[in-house]
Amino acid sequence: MTEALQRTALHAPPPATAPEASVARPLIRIEDVSLTYGRGERKVQALSRTSLDVPNGDFVALVGPSGCGKSTILKIVAQLLSPSEGHVFVAGREIGAVDIRIGMAFQNPTLLPWLSIRDNVMLPLKISQPFRSDWRRKKNGEYRDRADALLAKVGLGGFAGHYPWQLSGGMQQRASLCRALVHEPTLLLLDEPFGALDQFTREELWDVLQALWMEQKPTVLLVTHDLRESAYLANRIVVMSARPGRIIVDETVDYQRPRSIETTFRSDFVELNHRLRSLIFEARAAGSGAIPAGVAA
Amino acid sequence: MKRWYKERFASTALIVGFFLVWELACVAFGISEIVLPRPSQIIVTLFDRWPALVPHTVQTLYTTLVGFALGVGIGVVIGMIIGSSRVAYDVAFPLLVGLSSIPKVAVVPIFVLWFGAGTVPAVLTAMVISIFPVVVNVATGLATTEPELEDVLRTLRASRTDILVNVGLPRAMPYFFASLKVAVTLAFVGSVIAETVAGNRGIGNMMLIASANFNVPLTFAGLFILAAMGIGLYLVFAAIEKRVTGWANRKAELAMG
């Protein structure tokens, strides 16, 4: 309880100064971060001295061959993992020292099966501050309306009272996006959220996500292995090498928004995809050559 | 729905058929009531002796329910402690398995030694016997919570208590209720054993005396009462389970493609 009080107390002054601060420094700064799993012979280096800056309001896609540590970066930023070496700064302060609102969606919808879709979406409001303090008072009013409005935006208007198992995979993923955004997070972390969906549903959800992002403008880190997805959604594409992951390309994508499926047929879009694909291919080839050496060491 | 009715009808027919075969076999083979009384005799005895049977029934129900309630309370606490940490789970499990494999009849004399004959050993035996299934199920339910679901809460800066209350406990509910159904029938076993070994009241004690007097129909009447109480409590907990944990029994035909 005391901790929560202190946190709100610490939080009270910053809003006035926050805008200037965000111009001066990136929202997230990843500095020489390495991460090793396991120990001894089973040691696996997932990330090797990776650095990345993400300015406030940016939409960054992390792509790379599987196992390159792109999800690891996301988990470190979400504080689900701690780096073995290096530092992560959020809004200029060491991660953990500062509390920003984070929304996260995973490859699986990870909805709680015992809660209705609406209650699932309202979960961040129940748990995270400052919404938590008003939970009892607002859960049947303002918060409920907020969840319902968001669900309506992603096309789940009539499903608020349903349970997750009554919905298809694509619909569950829409609900999961709502849950990630309902508390208007400063930072949105997306870990291959559309990876398990079919092509058509995926493209539909790109538009849903783009619309929500343009409205709320959170800073986004999107991990994906779909190049078209990254080029369609992101302002910046960061390509990572095979394990241990390092950043090999940092590409800006400046197609006008809102982008549509038509964008994906433009020649420069196709050309960009083509170029990224060959870069990843090279990275994979280099990676597979490096693995025996790593085992020998 | 049609299938449901068919199944209900079939199981009712099976029960009726069971008693019918019993009754007819006794008549056909001329089995003496000292060996195996006919169901009709048992029911007549049940009605004749009902006023005398009520206090015994109440006593058994009382010791069972008190023991069961204590057992569930203790079981939930132990289960939560063990289930909320991997280490506690691994460390405590061998001891629990060891304790649970002791036949509970064997502890009745110890309880009698400590507390004397009567109500207390019956309550304690019912308690001891119903702790284990609750502990195991609550601990398993908590320990098998998907880490992804916990991650959802951890990204929201949830405390350990938040995670337990919002993910762990709801997730463990189906396991908990499944264990209640098992535990309540076991609690009956516990209190009847204690009543038989060291009771002065209760259905178990009544059956012991009736069999010593070769009043076999009355002994069987005790059995019928126990069966009826066991079924009754099982149904109560099954109904509560269905209301509280309906989400766990998802039906495929309701899901959409």
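Residues numbered from 1 in each chain as written. Chains lettered and ligands numbered in written order. Predicted model: local features only at pLDDT ≥ 70, side-chain atom pairs only at ≥ 80, totals over all residues. Heavy atoms only, no water.

**Quick look at the overall build of chain A**
Okay, step 1: Within chain A, the secondary structure is distributed over 10 helices and 10 strands.
Okay, step 2: Going through the 297 residues of chain A one by one, you find that 49% of them count as buried.
Okay, step 3: Counting contacts in chain A only where the partners sit at least 6 residues apart, residues at least 24 apart contribute 71% of the total.
Okay, step 4: In the structure as shown, chain A presents an accessible area of about 14100 Å², 52% of it carried by carbon and sulfur atoms. (Helix = DSSP H or I, 4+ residues; strand = E, 2+ residues; numbered from the N terminus. Buried < 20%, exposed > 50% of the residue type's maximum accessible area, 1.4 Å probe, protein only. Contact = heavy atoms within 4.5 Å. Areas by Shrake-Rupley, 256 points an atom, 1.4 Å probe, with all protein chains shown as cover.)

**Thoughts on the overall build of chain B**
Okay, step 1: What chain B contains, in helices and strands, is 10 helices and 0 strands.
Okay, step 2: The N-to-C order of helical and strand elements in chain B reads α-α-α-α-α-α-α-α-α-α.
Okay, step 3: Across its three principal axes, chain B shows a C-alpha extent of roughly 75 × 55 × 30 Å.
Okay, step 4: Taking the contacts inside chain B whose residues are at least 6 apart along the sequence as the reference set, 75% of them involve residues at least 24 apart.

**Description of the sheet that holds strand β2 (residues 44-54) of chain A**
Residues and elements named next belong to chain A.
Okay, step 1: Here 4 strands make up an open sheet; going across it, the order is β2-β1-β4-β5 and the pairing antiparallel. Whereas interior strands pair on both sides, the edge strands pair on one side only; in this sheet they are β2 and β5 (93-94).
Okay, step 2: Where strand β1 (residues 28-37) lies against strand β4 (residues 85-90), 5 bridges are found, and the strand directions are antiparallel. Looking at the pairing, R29 lines up with F89 of β4.
Okay, step 3: Together, β1, β2 and β4 form the strand contacts of helix α3 (residues 70-77), whose direction differs from that of β1 by roughly 115 degrees. (Pairing = 2+ DSSP bridges. Axes fitted to C-alpha atoms, helices over the stretch in contact; angles between N-to-C directions.)

**Points about empty space enclosed by the protein**
Okay, step 1: Under the counting rule described, the total for this entry stands at 2 cavities of 30 Å³ or more.
Okay, step 2: In this structure, the largest cavity spans a volume of roughly 60 Å³.
Okay, step 3: If you go around the largest cavity, the residues you meet are A:G103, A:M104, A:F106, A:P124, A:R179, A:A180, A:H183, B:V152, B:T155 and B:L156.
Okay, step 4: Mapped by element, the contributors of at least two residues to the lining of the largest cavity are β6 (102-105) and α7 (169-181) of chain A. (1 Å grid on protein atoms, 1.4 Å probe; cavity = no way out; pocket = protein on both sides within 12 Å on 5 of 7 lines; lining within 4 Å. Points joined across faces, edges and corners; volume = space filled by probe spheres on them.)

**Considering the UniProt feature "domain: ABC transmembrane type-1" (unreviewed entry) in chain B**
Okay, step 1: In the UniProt entry, the feature "domain: ABC transmembrane type-1" (unreviewed entry) is given for residues 57-237 of chain B.
Okay, step 2: Annotation note: span residues 57-237 of chain B, helix share 85%, strand share 0%, distance between end C-alpha atoms 20 Å. (UniProt positions renumbered as here; feature names shortened; annotations may be inferred.)

**Concerning the domain arrangement of chain B**
Okay, step 1: Domain annotation for chain B reports domain 1 (1-28) and domain 2 (49-246).
Okay, step 2: The C-alpha-based centres of domain 1 of chain B and domain 2 of chain B are spaced at 30 Å. (Domains from an automatic or database assignment.)

**Things to note about the UniProt feature "transmembrane region" (unreviewed entry) in chain B**
All names here are of chain B.
Okay, step 1: Look at the UniProt record and you will see "transmembrane region" (unreviewed entry) annotated at residues 12-31, 61-83, 95-116, 122-144, 175-194 and 214-240.
Okay, step 2: Span residues 61-83 is 100% helix and 0% strand, its end C-alpha atoms 31 Å apart.
Okay, step 3: Annotated as residues 175-194, this span is 100% helix and 0% strand, and its ends, taken at the C-alpha atoms, are 28 Å apart.

**Notes on the interface of chain B and chain A**
Okay, step 1: Each partner contributes to the interface: chain B provides 22 residues, whereas chain A provides 26 residues.
Okay, step 2: Note on chain B versus chain A: buried area summed over both sides is about 2300 Å², and carbon and sulfur give 67% of it.
Okay, step 3: Our count for the contact surface shared by chain B and chain A stands at 1 salt bridge.
Okay, step 4: The salt bridge involving B:D162 is made with A:R132; its shortest N-O contact spans 2.7 Å.
Okay, step 5: Our count for the chain B to chain A interface comes out at 3 residue pairs in polar contact (both at pLDDT 80 or more).
Okay, step 6: Looking at the side of chain B that touches chain A, the elements with two or more residues in it are α7 (147-154) and α8 (160-198) of chain B.
Okay, step 7: Of the residues forming the side of chain B that touches chain A, the biggest block, 6 residues, is contributed by α7(B).
Okay, step 8: Across the side of chain B that touches chain A, the residue classes tally to 11 nonpolar, 3 polar and 8 charged. (Buried area = accessible area lost by both parts, 1.4 Å probe. Salt bridge = Lys/Arg side-chain N within 4 Å of Asp/Glu carboxyl O. Polar contact = N/O pair within 3.5 Å; in protein donor to acceptor, adjacent residues only side chain to side chain. Nonpolar A, V, L, I, M, F, W, Y, C, P; charged D, E, K, R; others polar.)

**Structural notes on the pairing of strand β9 (residues 236-240) of chain A**
All names here are of chain A.
Okay, step 1: Burial analysis of β9 places 5 of its 5 residues in the buried class, which makes it a mostly covered element.
Okay, step 2: Here 4 bridges tie strand β3 (residues 59-63) to β9, and the two strands are oriented parallel to one another. Bridge pairing links L62 to V238 in β9.
Okay, step 3: With 5 bridges connecting them, β9 and strand β10 (residues 247-252) associate as antiparallel partners. Paired with I237 across the two strands is E251, which belongs to β10.
Okay, step 4: Adjacent in sequence and paired antiparallel, β9 and β10 are bridged by 6 residues.

**Side note on the sheet that holds strand β8 (residues 219-223) of chain A**
Residue and element names in this part refer to chain A.
Okay, step 1: One open sheet holds the 6 strands; their spatial order is β6-β7-β8-β3-β9-β10, and the pairing between them is mixed. Edge positions in the sheet fall to β6 and β10, since each has one partner strand and no second. Across the sheet, the mean angle separating the axes of adjacent strands is 15 degrees when strand polarity is ignored.
Okay, step 2: The strands that α3 touches are β3, β6, β7 (187-191), β8 and β9; relative to β7, the one it contacts most, it runs at about 145 degrees.

**Some points on a nonpolar patch on the surface**
Residues and elements named next belong to chain B.
Okay, step 1: Taken together, the side chains of F29, I31, I34, V35 and F214 present a nonpolar region at the surface, about 560 Å² in accessible area.
Okay, step 2: By secondary structure assignment, the location of V35 is in the loop between α1 (2-28) and α2 (39-48).
Okay, step 3: Residue V35 is classed as exposed on the basis of its relative accessible area, which comes to 60%. (Patch = residues over 30% accessible without salt bridge, like charges linked within 9 Å, V, L, I, M, F, W, Y side chains within 5 Å.)

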